[in-house]
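Observations on the three-dimensional arrangement
Letter by letter, the chains look like this.
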Amino acid sequence: MLDNLPALVAFDRIVRSGSLSAAARELDLSLAVVSKRLAQLEAGLGVRLLQRTTRRQTLTEEGALFHASVVRILTELESAEALLGQRRQAVSGLLRLGAPVDFGRRWIAPIAGDFQRLHPQVDLQLELSDSLADLLDDGLDLAIRVGSLADSSLIARPLADNYRLLCAAPSYLREHGEPQHPAQLAEHRCLLNSDQARGEWRFSGPDGERVMVKVRGSLVSNDGGAVQAWALAGMGIALKSIWDVGDALAAGELQRILPDYRAPEAPLHAVYPHAEHLAPRVREFVSYLRERLAGAWRWDTSVG
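Conventions used here
- Residues numbered from 1 in each chain as written.
- Predicted model: local features only at pLDDT ≥ 70, side-chain atom pairs only at ≥ 80, totals over all residues.
- Heavy atoms only, no water.
- UniProt positions renumbered as here; feature names shortened; annotations may be inferred.
- Buried < 20%, exposed > 50% of the residue type's maximum accessible area, 1.4 Å probe, protein only.
- Helix = DSSP H or I, 4+ residues; strand = E, 2+ residues; numbered from the N terminus.
- Contact = heavy atoms within 4.5 Å.
- Phe/Tyr/Trp six-rings, centres within 6.5 Å; stacked < 30°, edge-to-face > 60°.
- Pairing = 2+ DSSP bridges.
- Axes fitted to C-alpha atoms, helices over the stretch in contact; angles between N-to-C directions.

By the naming in an unreviewed UniProt entry, the protein is Transcriptional regulator, LysR family, taken from Azotobacter chroococcum NCIMB 8003. Under Sequence similarities (unreviewed entry), UniProt gives the following word-for-word description of the protein: "Belongs to the LysR transcriptional regulatory family."

Below, the structure written as structure tokens:
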């Protein structure tokens, strides 16, 4: 019956206004269109809804029963539309968010908690995984991605810069010395993420030179937190994101190495399936996240 909603609206307006012509004026339609919609409705139901003469119209018994149901249907639809209109404006509902494990635990979790405190009508579900989430299959509203993005239909919004740097504990540097050029990294114990297992670290120098160094290490992990723990324990040199090691650098627990050489950046993005009709909770969270992350770490900070 909902596929014939215009006919239901026309019938209700005919009954309320008292005539087809009055209904046509209120609906801003021609009399012919209103008459056709009523005729289609009666034909579909197989009953006459209105008795019409040149002077007046009256509801049939079937028409009166049907109109009562139509009023309930239209009222429910109006209420549903009003409810959705309110939700389009309100920051509320379930926000399902995905993020990498280390970055999500260190940065996204506290920011998400503060966001929920600001918007108590939001229920927030944070899924941490270093696997690349499929937003639709995993039922996520948005995800945080680190590094270059593969071509896809997802909408991506930049959140913050993310530069990577070489660092080691002061105890390691006292024992093994500090390299003065990336080529000397080949002589050191380097701590590797699994995706760096080939041991190729690339840098751009202060004069624009491109340097690729084959490094080696006895410690490799698929968990960035484990690599950072090894670095803090003085077990080697790590290539880490400023978002991971900024606090440790500021506290003197780690020391930056070769500050004039930059590794390729891995910018942070929020990605979501579509931009049209984006729920307020998603839009507001992305804006809040950008605000909180903006400028937290920059090249000219005291740690870099």
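Following the structure, the description resumes.
Here we take up helix 2 (residues 20-27). Every buried residue of helix 2 is accounted for by Leu20, Ala22, Ala23 and Ala24. If you follow the buried residues of helix 2, they end up packed against helix 1 (5-17), helix 3 (31-45), strand 1 (50-52) and strand 2 (57-59). Asp28 lies just past helix 2 and shows a positive phi near 60°.

Attention now goes to the packing of aromatic side chains. Inspection of the entire model under this criterion finds 5 aromatic pairs. Centre to centre, the rings of Trp107 and Trp243 are 4.9 Å apart; their planes meet at 85°, and the pair counts as edge-to-face. Note that Trp107 is positioned in helix 5 (residues 101-118) and Trp243 in helix 9 (residues 242-250), a separation of 136 residues in sequence. Trp243 matches Trp107 in its accessibility class, with the two residues each being buried. When the centroid spacing of 5.7 Å and the interplanar angle of 50° are considered together, the rings of Phe115 and Tyr288 count as tilted. With Phe115 in helix 5 and Tyr288 in helix 10 (residues 280-293), this pair connects stretches of sequence that are 173 residues apart. For the pair formed by Phe115 and Tyr288, the shared burial category is buried. Pairwise contacts between aromatic rings join Phe103, Trp107 and Trp243 into one cluster.

Here we come to the sheet that holds strand 13 (residues 255-257). Paired through their backbone hydrogen bonds, the strands of a sheet run either parallel or antiparallel. A sheet is described by the order of its strands in space; here 5 strands give the open sequence 11-8-12-7-13, paired in mixed fashion. At either end of the open sheet lies a strand with only one pairing partner, and these are strand 11 (216-221) and strand 13. When strand polarity is set aside, the average angle formed by the axes of neighbouring strands in this sheet is 40°. In the sheet, strand 8 (residues 189-193) pairs with strand 11 via 4 bridges, with the strands oriented parallel. What sits directly across from Leu191, in strand 11, is Leu219. Of the strands in this sheet, strand 8, strand 11 and strand 12 (237-241) are in contact with helix 8 (residues 224-232), which crosses strand 8 at around 165°. In the packing of helix 9 onto the sheet, contacts are made with strand 7 (164-168), strand 12 and strand 13, and the angle to strand 12 comes to roughly 115°.

Our focus in this paragraph is the pairing of strand 3 (residues 93-99). Counting buried residues in strand 3 gives 5 out of 7 residues, a clear majority hidden from the surface. Pairing of strand 3 with strand 4 (residues 122-128) involves 7 bridges; the strand directions are parallel. Considered in strand 4, the bridge of Gly98 is made with Glu127. Direction of pairing for strand 3 relative to strand 5 (residues 142-146): parallel, over a ladder of 2 bridges. Pairing of Leu97 across the sheet is with Leu142, part of strand 5.

A positive phi angle is found at Asp28, which is not glycine, with a value near 60°. For Asp28, the position within the fold is in the loop between helix 2 and helix 3. Non-glycine residue Leu258 carries a positive phi angle of around 50°. Mapping Leu258 onto the fold places it in the loop between strand 13 and strand 14 (268-272).

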